[in-house]
Amino acid sequence: MTRPARQLALAFRFALREMRGGLSGFAIFLACIALGVAAIGGVNSVARSIGDGVAAQGQPLLGGDLRFRLNQREAEAPELAFLRATGEVSHSASMRSMARLSDGSDQALVEVKAVDDPYPLYGTLVTEPALDRDALLSERAGSFGAAAPELLFERLGLKVGDRIMLGNASFELRAELMSEPDAVSEGFGFAPRLLVSLEGLRASGLVVAGSLVEHSYKLRLAPGTGDARLERVEAEARAAFPEAGWSIRTRSNAAPALSANIERFSQFLTLVGLTSLVVGGVGVANAVRAYLDGKRGVIASFKSLGASGSFVFTVYLVQTMLIAAIGIAIGLVLAVLMPFAASGALQAIIPVPAEAGIYPAALALAATFGILVTLAFAVLPLGRARDVPATALFRELGFEGRGRPRLVYIATAAGIALALGALAILTAHDRRIAVTFVGATLLSFLVLRLVAFLVQWLARKAPRLNSTALRLAVGNIHRPGALTPSVVLALGLGLTLLVTLALIDGNLRRQISDSLPEKAPNFFFVDIQGADVDAFSTLVTRESPQGTLVKVPMLRGRVIALNGTDVRDLDIPPEGAWVLRGDRGLTYEAEQPRNASLSGGSWWPKDYAGEPLVSFSAQEGEELGLAVGDTVTVNVLGRNVTARIANFRQVQWETLGINFVMVFSPNTFAGAPHSWLATLSDGAATVSDDARILNAVTRAFPAVTTVRVKDALDIVNQLVGELGTAIRAAAAVALISSVLVLAGALAAGNRARIHDAVVLKTLGATRRTLISAFALEYMLLGLATAVFALAAGGVAAWYVVTRIMTLPSQFSAEVALATTVLALVLTVGIGLIGTWRVLGHKAAPVLRNL
Amino acid sequence: MTEAVIELENVSLTLGEGASSVHVLKNIHLTVRQGEIAGIVGPSGSGKSTLLMVLAGLERVDDGRVSIAGVTLNDRSEDEIAAFRGRNIGIVFQSFHLIPNMTALENVAVPLELAGHPDPFKVAEQELAAVGLSERLTHYPGELSGGEQQRVAIARALAPSPPILIADEPTGNLDQATGRQITDLLFSKAAERGMTLVLVTHDPALAARCSRRIAIRSGRIEAEPMLTATA
């Protein structure tokens with residue numbers, strides 16, 4: 001065995017002997033590491049279990065091995081022939097429309113899905129009662145069949161067997177729709193599903209040229225067809241029909257939006273988990289420091305017996321890592337259990353069968369974070385212990401360390417912290433957010449150190465106070481070995497994160513529930529046919545004389561290329577990618593809209609007839625790296641149209657008015673069939689006015705789809721609420737770490753406090769004076785930390801809200817008050833619980849040991 | 001005359017900095033020969049313990065030369081001195097300083113393990129038997145009496161067979177009878193093995209049993225009366 005190996009083996013042996021004393025004093029250390037590792041490992045395991053579920057269930061989720069989706073048109077004969085030659089085809093069409101009661105007295109927005117006989121190619125459609133396709137959807141006695149979820153029955157007060165109108169056709173609700181295998185890949189629906197047959201949809205008369213309808217052609221290939229074959233089919237389809245404008249998706253990427261959202265959310269939760277781990281790191285440092293303080297005699301003895309400083313360091317490093325390993329193991333066990341526990345709960349939210357299992361990569365990542373955090377926080381106290389002088393054994397003076405640890409340990413700790421930051425960034429889905437997070441954490445640490453220093457400096461400089469309790473409290477804040485740095489650091493990080501998340505959440509909610517509806521229109525009307533526009537305007541103006549009706553032509557199209565380069569070959573930053581994903585609403589305007597200000601270029605002349613031009617939204621254009629003069633190719637109704645960017649417009653998305661990323665010159669789509677989109681803004685309209693307008697429009701124009709903005713916002717609000725709950729739960733994990741560390745720091749301080757209390761009692765201090773002094777000290781510390789947390793969290797939230805979400809930011813007095821109260825309750829509460837025990841100590845035994 | 005194992009030449013040491021600095025040792029000249037039993041005596045704060053720390057290589061001097069067992073310590077690194085100490089100097093403390101989570105046997109084996117001894121536990125067992133603690137091998141320090149703990153400490157100091165034994169008030173924490181037993185043990189073991197023993201004591205009776213008495217006052221060695229060892 002080589003000498004270093006022998007030394008390491010010996011260090012292990014000594015470490016194990018030393019640990020016979022048990023793990024008392026390490027409860028906080030273990031809890032912090034276990035909590036952080038469990039959070040990171042668990043979140044990533046759950047995310048991967050959903051990812052695996054999506055991957056394993058690709059066929060039923062997509063409804064086929066391949067899906068070809070077309071906008072506003074059915075596949076043409078050659079396209080259909082190509083699909084049929086490739087495999088079994090199932091055709092479905094989906095659109096939003098209004099379902100009305102037969103007597104026209106009430107109506108509801110529905111997401112119509114019309115299916116053919118082979119549907120579903122994979123998976124099972126579950127209805128209650130269970131009916132075969134013919135019994136469920138075919139025409140009987142003048143009515144087509146339909147199925148809908150319970151929500152629609154509730155909304156319109158219907159029961160199975162009742163009839164509704166969709167467009168011009170009558171539908172009998174023959175069953176309740178329990179589960180639709182391909183729901184996830186269909187995207188997010190604002191309204192309940194109405195499942196009908198393609199014949200039924202055709203009979204409704206809703207599908208006319210320009211209607212916003214999506215046609216999906218799902219293919220089942222021979223069993224055992226590999227992914228390579230699917231990719232070949234996709235490539236062949238693109239090559240054979242370059243202008244089809246269809247979006248092609250394979251079973252291996254059945255629900256990309258869901259997958260991306262899960263990944264994004266798990267990244268966010270991982271960062272919150274990492275915050276909890278970093279906060280816990282302070283607890284690790286405190287525990288290691290306290291443990292080594294108790295071991296200084298042993299360390300000095302080792303040195304007097306011939307142990308080198310580096311050997312001493314190794315012995316205690318091994319102990320620290322062994323304890324960390326126990327914490328990590330506990331965390332990993334919890335993380336392993338999490339997907340199993342979550343799969344049931346998640347079923348209700350995400351209709352994907354999560355594949356509960358053990359995910360080694362997720363667990364390894366969590367364990368690595370656990371190890372790095374332990375090392376980053378333990379190296380400095382360990383380095384200081386290395387320099388415990390053996391001379392202390394002679395002097396019986398205690399074992400105060402000599403100032404700051406050696407440079408090599410400071411550099412090592414900094415290096416490990418860097419590695420930790422690098423790992424967080426490299427494993428993140430969105431590096432920009434991860435870099436911001438790592439930077440903010442580092443900055444918070446430095447600033448919290450500074451705050452602690454400042455608080456101590458102020459306490460030192462405070463004038464002599466008349467109140468004994470206050471004088472003692474202020475003295476306790478700045479004396480050597482004071483709790484100030486650990487309390488400020490431990491509580492500060494957790495509170496800052498909480499304030500940041502609370503303010504972001506608050507701003508988001510206010511944006512949706514308060515400020516939006518003031519500016520937002522009451523209704524969106526979709527699919528108004530060109531021939532109906534005038535009659536529609538007359539009706540709406542009559543029903544809402546004081547309202548403002550805005551109408552624009554509306555087409556759907558997909559961006560195919562930028563400057564002639566296929567968008568699939570472009571490297572687009574995530575914030576601008578949504579523009580290129582799926583179909584966008586398109587419009588044309590002869591004149592510059594009144595509410596639009598140009599930030600570059602100029603609007604085209606009123607009777608412009610040259611090459612197609614487009615006005616692009618300024619922010620999105622910048623994100624995509626576009627400039628005036630660049631070209632954008634969109635596929636509309638199976639035709640590729642290339643337009644040159646004439647100008648950039650400032651678009652205020654949050655107004656929820658009619659906004660388009662791209663507004664084209666009118667000649668671009670000359671002759672293309674299209675419908676109109678309208679909004680009605682009527683600030684004075686009451687709920688019953690809204691109901692009357694909605695009913696009148698639906699009665700007169702059954703094909704027009706009406707979306708009441710308030711209803712849509714309620715759904716968004718509910719979603720944000722659910723997200724907010726998840727975010728708050730995550731923040732709670734970080735706060736628990738904070739509280740644990742705080743409790744640990746305060747408990748460590750109690751040893752010194754017993755000494756002080758006993759001496760002060762001997763000198764005539766009453767319990768009341770002592771309690772007041774301790775309470776005041778905790779209160780001052782809690783207050784200072786809360787002020788910092790509010791300032792730092794306020795800045796962080798402002799940055800996220802204004803810069804990343806580009807929304808107006810506002811500080812919340814409730815958050816400020818709640819944070820301050822929480823900080824005071826935690827510091828004074830936990831502090832006094834410990835202090836109560838201190839005051840109960842008998843003087844004599846302590847005095848004997850003084 | 002036997003060879004000198006401890007040689008201090010013109011050693012001075014100041015502890016602390018600035019206004020709080022104390023000139024603890026002043027121009028100390030000291031030679032201790034192999035097999036001598038030297039007692040360092042003096043009032044509190046005179047520099048006795050500091051002198052012992054210098055001899056153990058635990059405190060670096062500002063001026064002068066420190067040579068122990070033929071090795072000049074002045075220019076050695078901290079880790080070199082630690083390894084040297086492990087082989088050449090055994091130390092017995094007033095408060096024993098046993099490692100609480102190790103058994104008596106393991107405590108004694110520590111310096112041997114650190115020195116890479118091939119069979120540390122066999123030697124440790126023999127040393128504990130030699131101090132009369134064969135029955136206490138697996139006991140932890142907390143389970144031993146003060147006298148027993150100090151015996152373990154002596155066995156630990158003797159285990160690597162160092163040429164020099166240093167003891168800081170070895171009976172200071174013990175009652176009179178136990179203290180006498182410990183002194184007997186220490187003196188007899190040093191004599192048996194031809195070790196040099198340097199101890200610090202406040203106890204005149206203990207000082208009287210040493211072959212040399214080195215009186216120190218205000219950091220200086222006073223003239224030495226010639227004594228005869230009584231051990």
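What counts, and where the lines are drawn
Residues numbered from 1 in each chain as written. Chains lettered and ligands numbered in written order. Predicted model: local features only at pLDDT ≥ 70, side-chain atom pairs only at ≥ 80, totals over all residues. Helix = DSSP H or I, 4+ residues; strand = E, 2+ residues; numbered from the N terminus. Buried ≥ 20, exposed ≤ 12 C-beta atoms within 10 Å, placed from the backbone. Contact = placed C-beta atoms within 7 Å. Nonpolar A, V, L, I, M, F, W, Y, C, P; charged D, E, K, R; others polar. pLDDT = per-residue confidence, 0-100. Domains from an automatic or database assignment. Pairing = 2+ DSSP bridges. Axes fitted to C-alpha atoms, helices over the stretch in contact; angles between N-to-C directions. Parallel < 35°, antiparallel > 145°, perpendicular 65-115°, else oblique. Expected span 1.5 Å × (residues − 1). Arc of directions from axis to C-beta.

(A) Representation of the overall build of chain A. Within chain A, the regular secondary structure consists of 24 helices and 21 strands. On the principal axes, the C-alpha backbone points of chain A span a range of 100 × 65 × 60 Å. Evaluated residue by residue, chain A yields a buried proportion of 48% over its 850 residues. Sequence separation of 24 or more characterises 86% of the internal contacts of chain A that already satisfy a separation of 6 or more.

(B) Broad picture of the interface of chain B and chain A. On the side of chain A, 23 residues touch chain B, which itself brings 27 residues to the contact. Elements with a minimum of two residues in the side of chain B that touches chain A: α1 (48–55), α2 (78–88) and α3 (104–114) of chain B. Considered class by class, the residues forming the side of chain B that touches chain A number 13 nonpolar, six polar and eight charged.

(C) Seen up close, the confidence of the model for chain B. In this model, chain B carries a mean pLDDT of 88, and residues with pLDDT of at least 70 account for 97%. The ipTM assigned to the predicted complex is 0.83, against a pTM of 0.73.

(D) Spatial organisation of the domain arrangement of chain A. Domain boundaries in chain A define domain 1 (1–57 + 258–429), domain 2 (62–253), domain 3 (448–520 + 709–850) and domain 4 (548–681). Its C-alpha centre places domain 3 of chain A at a distance of 50 Å from the equivalent point of domain 4 of chain A.

(E) Structural detail: the sheet that holds strand β9 (residues 212–217) of chain B. All names here are of chain B. If you trace the six strands from one edge of the open sheet to the other, you get β6-β7-β8-β3-β9-β10, paired in mixed fashion. Here the strands that pair on one side only, and so sit at the sheet edges, are β6 (89–92) and β10 (220–221). Judged from the four bridges that link them, strand β3 (residues 37–41) and strand β8 (residues 196–200) form a sheet pairing that is parallel. The residue of β8 that forms the bridge with Gly 39 is Leu 199. Against the sheet, helix α5 (residues 146–158) makes contact with β6 and β7 (164–168), and its axis sits at roughly 170° relative to β6, the strand it touches most.

(F) The arrangement of the pairing of β3 of chain B in detail. All names here are of chain B. Along β3, five of the five residues are buried, which leaves the element largely enclosed by surrounding structure. Side chains Ile 37, Gly 39 and Val 41 of β3 all project onto a buried face; the interleaved residues Ala 38 and Ile 40 project onto the opposite face, where all are buried too. Note: β3 against β9, four bridges, orientation parallel. Opposite Ile 40, over in β9, you have Ile 214 as the bridge partner.

(G) A look at the sheet that holds strand β4 (residues 63–68) of chain B. All names here are of chain B. Sheet architecture is open: four strands sit in the order β2-β1-β4-β5, paired in antiparallel fashion. In this open sheet, the two strands that pair with only one neighbour each are β2 (22–33) and β5 (71–72). Here strand β1 (residues 4–15) runs beside β2; their pairing, made up of eight bridges, is antiparallel. When the sheet's bridge partners are listed, Thr 14 is paired in β2 with His 23.

(H) Main features of the packing of helix α2 (residues 27–56) of chain A against helix α9 (residues 256–294) of chain A. The contact between α2 of chain A and α9 of chain A brings their axes to 7 Å, and the two run at 170°. As judged from the angle between their axes, α2 of chain A and α9 of chain A are roughly antiparallel.

(I) Just the environment of Pro 204 of chain B, in detail. Relative to the helices and strands, Pro 204 of chain B resides in helix α7 (residues 204–208). Placed 165 residues apart in sequence, Pro 204 of chain B and Gly 39 of chain B show a C-alpha to C-alpha distance of 9.9 Å.

(J) Layout of unusual backbone geometry. With an omega of -10°, the peptide bond running from Tyr 119 of chain A to Pro 120 of chain A counts as cis. Looking at the element boundaries, Pro 120 of chain A is found in the loop between β3 (107–115) and β4 (126–128). In the segment running from Glu 128 of chain A into Pro 129 of chain A, the intervening peptide bond is cis, with an omega of 0°. Tracing the backbone shows Pro 129 of chain A in the loop between β4 and α5 (133–137). The phi torsion at Asn 27 of chain B lies on the positive side, around 45°, for a residue other than glycine. Mapping Asn 27 of chain B onto the fold places it in strand β2. Taking the number of C-beta atoms within 10 Å as the measure of exposure, Asn 27 of chain B has 14 and is therefore partly exposed.

(K) View of the confidence of the model for chain A. Taken over all residues, the pLDDT of chain A has a mean of 84, while the share at 70 or more is 94%. The weakest mean pLDDT in chain A belongs to helix α24 (residues 843–848) of chain A at 57; the strongest belongs to strand β5 (residues 144–148) of chain A at 95.

(L) Spotlight on helix α1 (residues 3–18) of chain A. All names here are of chain A. If you check α1, its first and last C-alpha atoms are 22 Å apart, about what 16 residues at 1.5 Å a residue would give, namely 22 Å. Among the residues of α1, those classed as buried are Ala 11, Phe 14 and Glu 18. The arc that holds every buried residue of α1, seen down its axis, measures 65°, which confines them to one face. Relative to its buried face, α1 has exposed residues pointing more than 90 degrees away, namely Ala 5, Arg 6 and Ala 9.

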